[in-house]
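Spelled out from the first residue to the last, the chains are:
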Amino acid sequence: MNRNHIGADAQRVDGVDKVMGRPIFAADLILPRMAHAVPVPAAVGKGRILGMDVSEAERVPGVLLVLTHQNMDLLKPVGFVFAGGQAIQSHQPLQSNVIAYRGEPVALVVAESLEAAWEAAYRVHVDYVPEPFAVELDAPGAETVVQAAALPWFHDFVSGDADKALSGAAVVVDQSYTTPRQHQNPIELHSAVADWEGDRLTVHEGTQASQTVQQGLAIALGIDPGKVRVLSPYVGGGFGSKNSMCFHSVMAAVASRRVGRPVKLVVPRAQVFYGTSFRPAARHRIALGAEPSGRIVAGIHETRAQTSRHDLFPFTGAETTSRMYGIPNFRGAATLIRLDTQTPGFMRAPFEMGAFFALESAMDELAYRLGQDPVALRTANDTQVDPITGKPYSVRRLKECLQRGAERFGWARRTAEPRSMRENGTLVGWGVAAGGYPGAVVPVVAAIRLGVDGVAHATAGGHEMGQGIRTALVLVTADELGLQPEQIRLTIGDSNAPPQHITAGAWGTASAGPRIQEAAGDIRARLFELASAKDRPLAGADPAGLELRNGRIEAPDGRAIGITELLRLAGLEYVDAESHQLAPGLPPDAVSRASKGLVTLVGPEFPDFVTFSYIAHFAEVRVDPRVPRARVSRMVSVVDCGRVVSRRTATSQVYGGLVWGVGAALLEETEVDPRFGGFLNNNIAEYQVPVNGDIGNFEVDFIDEPDPQFNSLGAKGVGEVVSVGAAAAIANAVFHATGKRVRELPIRIEKLLG
Ligand code: MOS
């Protein structure tokens, strides 16, 4: 079989369409008679609504409806997605006069035009009874929950006796590291267009979880899920903020049913900061104990992370930090702090970004304490056996990532002493850090129908958020069927093709790729059988010796037949196949669970092995000693993500992850307002993200070694591991440049002054 596409630097299959503006995102959609909705956010940190006056809003010309808690449908409860439900949080909109947090919607205005809806939204008057609230980790009124006790599923990660080993260790680093709240801020705002036809509801929404939104809507509205369809063919970035049902979907659905017209609800940027999840603020204690040789004998990782009053969002960073190195005595545990915000949630490498800023900063501190090279310290503590379960890793090439990265970066030229490297008076710092991310798999059903026209129509679970899953799946299908990518039509993100898994956790390609490869393989086998049957053009040929390429089946003796002609001869309109195999470790009911929109996954622990993706980052920063603002001039990152399926989009994922690393290290923080509640910089003018000028020369490389135990395609996840450890590499480079160890992100100029 020819392998032209997998691993090749092929362009995105939807690239030209996107450049031409052809894909219709939910916010772009215009339906006949469509009305527009604008939510009104609560203006107190917590409290109750004493009274509302919507009469002035209702008098604005064009206003069709003002929904408040007084006239909103009573919704059936939908659980929090990480507690067995479908919603981004269990708190639902407009259900009572209770305000749980600043920014939650208190009304929804529906009007003929967006302008009228906006004007009326400003004319909704609300009388509040404010109540005390807490929005900071240490604020009075914050409530502490021991995670492992409250959520037994999210247990501690323990091997040996870490505290004992630490107290006996010759060299100890024991420090606290802090990471701030952050918001995902995808370019595409959270949007839904809801459209009822009789009792059937269609929702167009850019979501990472069309099935989950579909099921959540059916539950909330108390209707048959068979009557709800959610379509999400393209998503303009999600990063975790669109991985379950948010308030805008259900509000659009209720509003549309009330006014008897399609309703579009595009959550304004300022309200997106409240309308979905965010990365919780967290404080990490990392303690490492080592022998003078550099062998690490003890590790402790304790996290305090924020959650909401109404849900427990677990923090599972120690799942990965506990087995990043072969540390025989480890204890990883988390404490959750209930605060008065919406429920925090997943943001690209949700736990690992902060956890690895902490761990990999501590590793750097330990290297200095030991007087060892930080690359050598890491490779010396590498392991091929998971210290937590004792199981082998499937493929783990962390050491190779570090070694190749060091070579490409020129690490050998580094002088270890802080402030020892300068160029024209500018301080130059070189830092290294590693990252890991759990390998997980979700259930996918893939179906392909290859028609007599030579076009293959495929469906699979997945959502295209820009990460490139569409491209990856098309390349796999094209290779397997001997077709060109243009001959594959792939449908993903349609709840009518269940199960559409929650596309997150960097598990998309590793989950859907093998299934679509199997379905295509079955079609190929069927074609070979048809072609070699009696009285057919390749009669008598051994199917095992046949080749499928360029739409033709070829025999070693030179005979050949086109697919189209073969199907005509056989009197077939098409051949089709479906794969619904389950990855090892998935429960037998995984497909039906996922079809209910529930989180259903296995990993990183599998029956016979443990799988993670790995990365090594090398960063160069430059700091002017008079104006000590760190700039990242160079990065080299080498990834072990198994086999690279779509090189172009995988590379792009790494660049994106590094840009996120720069943002996390130097810029990003959502500021809270302890006096009034809510988020202060809830716009992308004041929520600082990197721009082109902040990005230096970044180099990306892949180990590209298949992991055949993990799945038959050999691909592991790439989209999240890429931003794990990136901030630590930059922070370590800042220390090397300046001699200042900043243990609280982001590293802004004020932390380097003086
Ligand atoms: Mo992504 S943060 O796993 O939705």
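Residues numbered from 1 in each chain as written. Predicted model: local features only at pLDDT ≥ 70, side-chain atom pairs only at ≥ 80, totals over all residues. Heavy atoms only, no water.

A.B. asks: Just checking my understanding: could you explain the overall build of the protein chain for this structure?
C.D. replies: Each helix and strand in the protein chain was counted, giving 19 helices and 28 strands. Taken over the C-alpha trace, the protein chain has a radius of gyration of 27 Å; the compact-globule value for 754 residues is 27 Å, and the two agree within 12%. Each of the three principal axes of the protein chain carries a C-alpha extent, and together these read 85 × 70 × 50 Å. Relative to its full complement of 754 residues, the protein chain shows a buried share of 63%. Restricting to contacts in the protein chain with at least 6 residues of sequence separation, those with at least 24 account for 80%. (Helix = DSSP H or I, 4+ residues; strand = E, 2+ residues; numbered from the N terminus. Rg over C-alpha atoms; globule rule 2.2 N^0.38 Å. Buried < 20%, exposed > 50% of the residue type's maximum accessible area, 1.4 Å probe, protein only. Contact = heavy atoms within 4.5 Å.)

A.B. asks: Where do I start with the sheet that holds strand β25 (residues 574–579) in this structure?
C.D. replies: For sheets, the rule is that strands pair by backbone hydrogen bonds, running either parallel or antiparallel. Across the sheet, which stays open at both edges, the four strands sit in the order β21-β20-β19-β25 with mixed pairing between neighbours. Pairing within the sheet leaves two strands with one partner each, and these edge strands are β21 (488–491) and β25. Taking each pair of neighbouring strands and ignoring which way they run, the sheet shows an average axis angle of 15°. Those strands touched by helix α13 (residues 469–481) are β19 (446–451), β20 (456–459) and β21, and its axis lies near 140° from that of β21. Against the sheet, helix α14 (residues 508–532) engages β19, β20, β21 and β25, with an angle of about 145° to β25. (Pairing = 2+ DSSP bridges. Axes fitted to C-alpha atoms, helices over the stretch in contact; angles between N-to-C directions.)

A.B. asks: What am I meant to see in the confidence of the model for the protein chain here?
C.D. replies: The predicted coordinates of low-pLDDT regions are not to be read in fine detail. Residue-level pLDDT values for the protein chain average 97, and 100% of them are 70 or greater. Within the protein chain, helix α10 (residues 352–370) carries the highest mean pLDDT (99), whereas strand β22 (residues 547–549) carries the lowest (94). (pLDDT = per-residue confidence, 0-100.)

A.B. asks: Mind showing me how you'd approach α10 here?
C.D. replies: Taking 1.5 Å of rise per residue, the 19 residues of α10 would be expected to cover 27 Å, and the 26 Å separating its terminal C-alpha atoms lies within 8% of that figure. Burial runs high along α10: 17 of the 19 residues are buried. Positioned one or two residues after α10, Gly371 has a phi angle of 70°, which is positive. (Expected span 1.5 Å × (residues − 1).)

A.B. asks: Can you walk me through the pattern of salt bridges in this structure?
C.D. replies: Two side chains that carry opposite charge are able to pair once their charged atoms sit near each other. For the coordinates displayed, the defined rule picks out 49 salt bridges. Arg378 serves as the salt-bridge partner of Glu360, at 2.6 Å between the closest nitrogen and oxygen. In this pair, Glu360 is assigned in helix α10 and Arg378 in helix α11 (residues 374–380), connecting sequence segments 18 residues apart. Arg378 matches Glu360 in its accessibility class, with the two residues each being buried. Here Glu518 and Arg515 are joined by a salt bridge, their closest N and O atoms 2.9 Å apart. Within this pair, Glu518 and its partner Arg515 are both found in helix α14, separated by three residues, close to a single helical turn. Comparing Glu518 with Arg515 shows no difference in burial state: the two are buried. (Salt bridge = Lys/Arg side-chain N within 4 Å of Asp/Glu carboxyl O.)

A.B. asks: Is there a simple way to explain the sheet that holds strand β2 (residues 47–53) in this structure?
C.D. replies: The three strands lie next to each other as β4-β2-β6, forming an open sheet whose pairing is antiparallel. Both outer strands of the open sheet, β4 (98–99) and β6 (125–130), are each paired with one neighbouring strand and no more. Pairing of β2 with β4 involves two bridges; the strand directions are antiparallel. Paired with Gly47 across the bridge in β4 is Ile99.

A.B. asks: What is the right way to look at the pairing of β19 in this model?
C.D. replies: Remark: a regular strand shows side chains that alternate across the two faces of the sheet. Note that β19 and β25 share six bridges and pair antiparallel. Counterpart to Arg449 in the pairing with β25 is Asp576. Hairpin connection, β19 to β20: the antiparallel pair is bridged by four residues, and Gly454 has positive phi, about 80°.

A.B. asks: How should I be thinking about a nonpolar patch on the surface in this particular structure?
C.D. replies: A contiguous nonpolar patch, built from Leu114, Trp118 and Tyr122 and spanning about 330 Å² of accessible area, is present on the exposed surface. Take Trp118: it is sitting in helix α3 (residues 114–122). (Patch = residues over 30% accessible without salt bridge, like charges linked within 9 Å, V, L, I, M, F, W, Y side chains within 5 Å. Areas by Shrake-Rupley, 256 points an atom, 1.4 Å probe, with all protein chains shown as cover.)

A.B. asks: Would you explain the packing of aromatic side chains in this entry?
C.D. replies: The way to describe two aromatic rings as a pair is by their centre distance and the angle between their planes. Inspection of the entire model under this criterion finds 24 aromatic pairs. A ring pair is formed by Phe606 and Phe609, whose centres lie 5.1 Å apart and whose planes are at 20°; its orientation type is stacked. Residue class for Phe609 comes out buried when judged on its relative accessible area of 5%. Grouping aromatic residues by their ring pairs yields a cluster made of Phe80, Phe82, Phe154, Phe313, Phe315, Phe346 and Phe351. When the ring centre of Tyr393 is taken as reference, the NZ or CZ atom of Arg396 above it lies at 4.9 Å. One cation-aromatic arrangement involves Arg741 over Phe735; the distance from NZ or CZ to the ring centre is 4.0 Å. (Phe/Tyr/Trp six-rings, centres within 6.5 Å; stacked < 30°, edge-to-face > 60°. Lys NZ or Arg CZ within 6 Å of the ring centre and 35° of its normal.)

A.B. asks: Help me out: how do you make sense of the packing of helix α17 (residues 647–667) against helix α18 (residues 726–738) in this one?
C.D. replies: Packed helix pairs are specified by the crossing angle of their axes together with the interaxial distance, meaning the distance between the axes. Packing of α17 against α18 leaves a shortest axis separation of 7 Å and a crossing angle of 55°. Viewed along their axes, α17 and α18 adopt a mutual orientation that is oblique. Here the hand of the crossing between α17 and α18 comes out right-handed. Contact residues: α17 offers Leu658, Gly661, Val662, Ala664, Ala665 and Leu666, while α18 offers Ala726, Ala727 and Ile730. (Parallel < 35°, antiparallel > 145°, perpendicular 65-115°, else oblique. Left-handed = near helix turned anticlockwise from the far one by under 90°.)

A.B. asks: Sorry, what's going on with the nonpolar core here?
C.D. replies: In a soluble, globular protein the nonpolar side chains are often hidden away together inside. The biggest cluster of nonpolar side chains holds 86 residues, and the ones touching the most others in it are Leu288, Leu366, Phe618, Val654, Leu666, Phe702 and Ile730. Looking at this core, the element that brings in the most residues is α10, giving 11 residues. Residues within four places of Phe618 in sequence aside, it is in contact with Val375, Cys401, Leu402, Gly405, Ala406, Phe409, Trp411, Gly431, Val432, Arg634, Met635 and Val636. Counting residues in hydrophobic clusters, the runner-up holds 44 residues, among them Ile488, Ala520, Ala541 and Val575. (Core = buried A, V, L, I, M, F, W, Y, C linked by side-chain atoms within 4.5 Å.)

A.B. asks: Can you walk me through the environment of Val455 in this structure?
C.D. replies: Topologically, Val455 is positioned in the loop between β19 and β20. Residues Val455 and Ala169 lie 286 residues apart in sequence; the distance between their C-alpha atoms is 65 Å. Contacts of Val455, omitting those with residues within four sequence positions, involve Arg449, Leu450, Gln487 and Arg489.

A.B. asks: I would appreciate a short explanation of the state of the cysteines in the present structure.
C.D. replies: If you walk through the whole model with that rule in mind, you get zero disulfides. Here Cys401 stays free of any disulfide, with the sulfur of Cys641 as its closest cysteine sulfur at 8.8 Å. Exposure remark for Cys401: the relative accessible area of 0% places this residue in the buried category. Classification of Cys641 by relative accessible area gives buried; the value is 3%. (Disulfide = S-S within 2.5 Å.)

A.B. asks: Whenever I open this one, the packing of α13 against α14 confuses me. Can you help?
C.D. replies: As a packed pair, α13 and α14 sit with axes 9 Å apart at the nearest point and diverge in direction by 25°. By the angle between their directions, the pair α13 and α14 is classed as roughly parallel. At the point where α13 passes α14, the crossing takes the right-handed sense. Residues Ile469, Ala472, Leu473, Val476, Thr477, Glu480 and Leu481 of α13 pack against Gly508, Thr509, Ala512, Gly513, Ile516, Gln517, Ala520, Gly521, Ile523 and Arg524 of α14. A class-by-class count of the residues in the contact of α13 with α14 yields nine nonpolar, six polar and two charged. (Nonpolar A, V, L, I, M, F, W, Y, C, P; charged D, E, K, R; others polar.)

A.B. asks: Help me understand the environment of Phe702, please; the structure alone is not making it clear to me.
C.D. replies: Its place among the elements puts Phe702 in strand β28 (residues 697–702). Here Phe702 falls in the buried class, since its relative accessible area comes to 5%. Distance from Phe702 to Arg304, taken between C-alpha atoms, is 34 Å for residues 398 residues apart in sequence. The contacts of Phe702, once residues within four sequence positions are left out, are Arg404, Val639, Cys641, Val644, Arg647, Ala650, Thr651, Val654 and Val718.

A.B. asks: Could you clarify how one ought to interpret the environment of Gln688 in this entry?
C.D. replies: With respect to the helices and strands, the residue Gln688 is situated in the loop between α17 and β28. Linking Gln688 and Gly663, residues 25 residues apart in sequence, is a C-alpha distance of 7.6 Å. Among residues more than four places away in sequence, those in contact with Gln688 are Leu667 and Glu668. Within polar-contact distance, the side chain of Gln688 engages the backbone oxygen of Ala685 at 3.0 Å. (Polar contact = N/O pair within 3.5 Å; in protein donor to acceptor, adjacent residues only side chain to side chain.)

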